[in-house]
Amino acid sequence: MLASDFTRMGECAKSVNAADWLHLDIMDGHFVPNISFGPDVVKALRPLSDLTFDVHLMISHPKQYIRQFAEAGADIILLPAPGTVPGITTEYVRKLISYAHSLKKLTITSIGTSQEGADTDTIKRIALECKMAGTDIHHIGDSGYVGMALPENIMAYGTVIRGIRHQYHRMAQSIRR
């Protein structure tokens, strides 16, 4: 939604009905330099779409806002992966995930564009920390403008989460082969 015409966000939300979910980037101007929108916009969009709302909290104090976004209509709360941002530890993310779960919301932990090109040992460590934090969904980023994380890092991350046999099985079933 961040790329939509803000004067026509409702129309934009209605027009993406072929998608599985709607990703909403929430930025506070502190955690990241941009400012986007808050819970009131999510609440206004919620009745306009039946899609799953994935709310990406790129904000300095996410614990203060998880409930507001959950009540506004977020289905999934996206949080930074442990170790990808200074001060974002496994224990801190575990507490945020537990809080989101208490509100009956799913969570995603995400490796951002700064780390997804790291060496595979770093990716494996981050994947293990996300798994230990208890996240529901794992995301390894979009590699910025390139549009894809390094294949070896996708493989390393997935192997930590589900094991090598699962990785090969999923690759063999790929609809895009």
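The model shown is predicted, which means the values in this text are computed figures rather than measured ones.

Undergrad: Please explain the side chain of S110 as it appears in this structure.
TA: The residue S110 is located in strand β4 (residues 106-110) in this model. Among the polar contacts made by the side chain of S110, one reaches the side chain of H139 at a distance of 2.9 Å. The contacts of S110, once residues within four sequence positions are left out, are L78, L79, P80, A81, T84, H139 and G141.

Undergrad: What is the right way to read the confidence of the model for the protein chain from this model?
TA: A low pLDDT means the predicted coordinates there should not be read in detail. The predicted model of the protein chain averages 86 in pLDDT, with 90% of residues at 70 or higher. Across the protein chain, element-level confidence peaks in helix α4 (residues 90-102) with a mean pLDDT of 97 and bottoms out in helix α1 (residues 9-15) with 76.

Undergrad: Any chance you could explain the pairing of β4 here in plain terms?
TA: The side chains of a regular strand alternate, residue by residue, between the two faces of the sheet. Counting buried positions over the five residues of β4 gives four, a clear majority of the element. Of the pairings in the sheet, the one linking strand β3 (residues 76-80) to β4 comprises five bridges and is parallel in character. Each residue of the ladder has a partner; that of L79, found in β4, is T109. For the crossover from β3 across α4 to β4, the handedness is right-handed. Between the parallel pair β4 and strand β5 (residues 137-139), the chain is carried across by helix α5 (residues 120-133), and the sense of this crossover is right-handed.

Undergrad: For this particular structure, what's the right way to read the pattern of salt bridges?
TA: Between side chains of opposite charge, pairing is possible as soon as their charged atoms come close. As enumerated under the stated definition, the model contains four salt bridges in all. Across the pair R46 and D75 runs a salt bridge whose closest N-O atoms are separated by 2.9 Å. Of this pair, R46 sits in the loop between α2 (39-45) and β2 (52-58) while D75 sits in the loop between α3 (66-72) and β3, and the two are 29 residues apart along the sequence. For E91, the salt bridge identified is with R94, shortest N-O distance 2.3 Å. One end of the pair, E91, and the other, R94, are both in helix α4, three residues apart, so they sit about a helical turn from each other. With a relative accessible area of 31%, R94 lands in the partly exposed category.

Conventions used here
- Residues numbered from 1 in each chain as written.
- Predicted model: local features only at pLDDT ≥ 70, side-chain atom pairs only at ≥ 80, totals over all residues.
- Heavy atoms only, no water.
- Helix = DSSP H or I, 4+ residues; strand = E, 2+ residues; numbered from the N terminus.
- Polar contact = N/O pair within 3.5 Å; in protein donor to acceptor, adjacent residues only side chain to side chain.
- Contact = heavy atoms within 4.5 Å.
- pLDDT = per-residue confidence, 0-100.
- Buried < 20%, exposed > 50% of the residue type's maximum accessible area, 1.4 Å probe, protein only.
- Pairing = 2+ DSSP bridges.
- Right-handed = clockwise from strand over helix to strand, strands pointing away.
- Salt bridge = Lys/Arg side-chain N within 4 Å of Asp/Glu carboxyl O.

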